Amino acid sequence: MLADPTADPHKPLIAFHLEDGKSFRVGEEVPIEFTVVNAKLKANGGEFRVRYIVDDDDMQWLDSADSFYLAGWIPGKHTIRIELIGPDGWPYKNGNANIVTKEITVTPN
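As the structure is a computational prediction, the values presented were derived from the model and not from experiment.

Q: Can you explain the packing of aromatic side chains? Please cite residues and give values.
A: All told, the structure shown has 2 aromatic pairs when counted by the stated rule. Between Phe 48 and Tyr 92 the ring centres are 5.6 Å apart and the planes differ by 65°, which places this aromatic pair in the edge-to-face class. Of this pair, Phe 48 sits in the loop between strand S4 (34-37) and strand S5 (49-54) while Tyr 92 is found in the loop between strand S8 (76-85) and strand S9 (99-107), placing the two residues 44 residues apart along the sequence. What makes Phe 48 buried here is its relative accessible area of 11%. You can call Tyr 92 partly exposed: its relative accessible area is 26%. In this arrangement the basic side chain of Lys 22 is found over the ring face of Phe 24, its NZ or CZ atom lying 5.6 Å from the centre.

What follows is the structure, encoded as structure tokens:
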């Protein structure tokens with residue numbers, strides 16, 4: 001699970017389960033699945049949150065680790081960034097593991 005060798009596996013971590021560079025077609029939904037370990041999200045009585053940003057759009061907040069899908073893509077390259085946010089409102093520092101950016105490509109049908 002640890003993509004970052006500088007991360008401590010005993011501290012809060014987020015893992016983003018999307019293959020970097022994956023291709024999708026216009027009209028396909030992109031699955032957003034992630035795992036949070038060693039931390040409780042707000043929906044479970046904890047103090048951590050997850051935020052995600054697609055390209056340079058507004059940030060979105062998640063309080064649970066439920067999977068979801070993003071749709072409405074236009075052709076081209078896109079970035080999806082997921083961050084584990086600590087109780088202080090900042091990304092939780094654990095090596096470089098808790099800010100994860102993946103790039104996808106959307107191709108015409």
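Q: I'd love a proper account of the nonpolar core, names of residues and values included.
A: The nonpolar side chains of soluble globular proteins are, as a tendency, buried together. One finds Ile 32, Phe 34, Val 50 and Ile 80 to be the most contacted residues of the largest nonpolar core, which totals 24 residues. Counting only elements with at least two residues in this core, the list comes to strand S1 (13-16), strand S3 (30-32), S4, S5, strand S7 (68-70), S8 and S9. When near neighbours in sequence (up to four residues on either side) are disregarded, Val 50 contacts Ile 14, Phe 34, Val 36, Leu 41, Gln 60, Trp 61, Leu 62, Ile 82, Glu 83 and Leu 84.

Q: With reference to specific residues and values, describe the pattern of salt bridges.
A: The final tally for this structure, using the stated rule, is 4 salt bridges. Residue Asp 63 pairs with Arg 49 through a salt bridge whose shortest N-O separation is 2.6 Å. Here Arg 49 lies in strand S5 and Asp 63 lies in the loop between strand S6 (60-62) and S7, a separation of 14 residues in the sequence. Residue classification places Arg 49 among the partly exposed residues on the basis of a relative accessible area of 25%. Of the charged contacts, one joins Arg 51 and Glu 83 as a salt bridge, the two residues approaching to 2.3 Å between their closest N and O atoms.

Q: Residues and numbers for the sheet that holds S9, please.
A: One open sheet holds the 5 strands; their spatial order is S2-S9-S8-S5-S6, and the pairing between them is mixed. Each edge of the open sheet is held by one strand with a lone partner, namely strand S2 (23-25) and S6. Put simply, the sheet's adjacent strands are angled 30° from each other on average, direction ignored.

Q: Account for the pairing of S5, naming residues and giving values.
A: Of all 6 residues in S5, 5 are buried; the element is thus mostly enclosed. One ladder, built from 3 bridges, connects S5 with S6; its direction is antiparallel. By the bridge assignment, Arg 51 is partnered in S6 with Trp 61. Connecting the antiparallel pair S5 and S6 is a turn made up of 5 residues, with Asp 55 showing a positive phi of about 50°.

Q: Which residues make up the side chain of Arg 51, and what are the values?
A: If you trace the backbone, Arg 51 turns up in strand S5. With a relative accessible area of 13%, Arg 51 lands in the buried category. Only 2.3 Å separates the side chain of Arg 51 from the side chain of Glu 83, close enough to count as a polar contact. With residues up to four places along the chain from it excluded, the contact list for Arg 51 reads Met 59, Gln 60, Trp 61, Arg 81, Ile 82, Glu 83, Ile 85 and Pro 91.

The rules behind these values
- Residues numbered from 1 in each chain as written.
- Predicted model: local features only at pLDDT ≥ 70, side-chain atom pairs only at ≥ 80, totals over all residues.
- Heavy atoms only, no water.
- Phe/Tyr/Trp six-rings, centres within 6.5 Å; stacked < 30°, edge-to-face > 60°.
- Helix = DSSP H or I, 4+ residues; strand = E, 2+ residues; numbered from the N terminus.
- Buried < 20%, exposed > 50% of the residue type's maximum accessible area, 1.4 Å probe, protein only.
- Lys NZ or Arg CZ within 6 Å of the ring centre and 35° of its normal.
- Core = buried A, V, L, I, M, F, W, Y, C linked by side-chain atoms within 4.5 Å.
- Contact = heavy atoms within 4.5 Å.
- Salt bridge = Lys/Arg side-chain N within 4 Å of Asp/Glu carboxyl O.
- Pairing = 2+ DSSP bridges.
- Axes fitted to C-alpha atoms, helices over the stretch in contact; angles between N-to-C directions.
- Polar contact = N/O pair within 3.5 Å; in protein donor to acceptor, adjacent residues only side chain to side chain.

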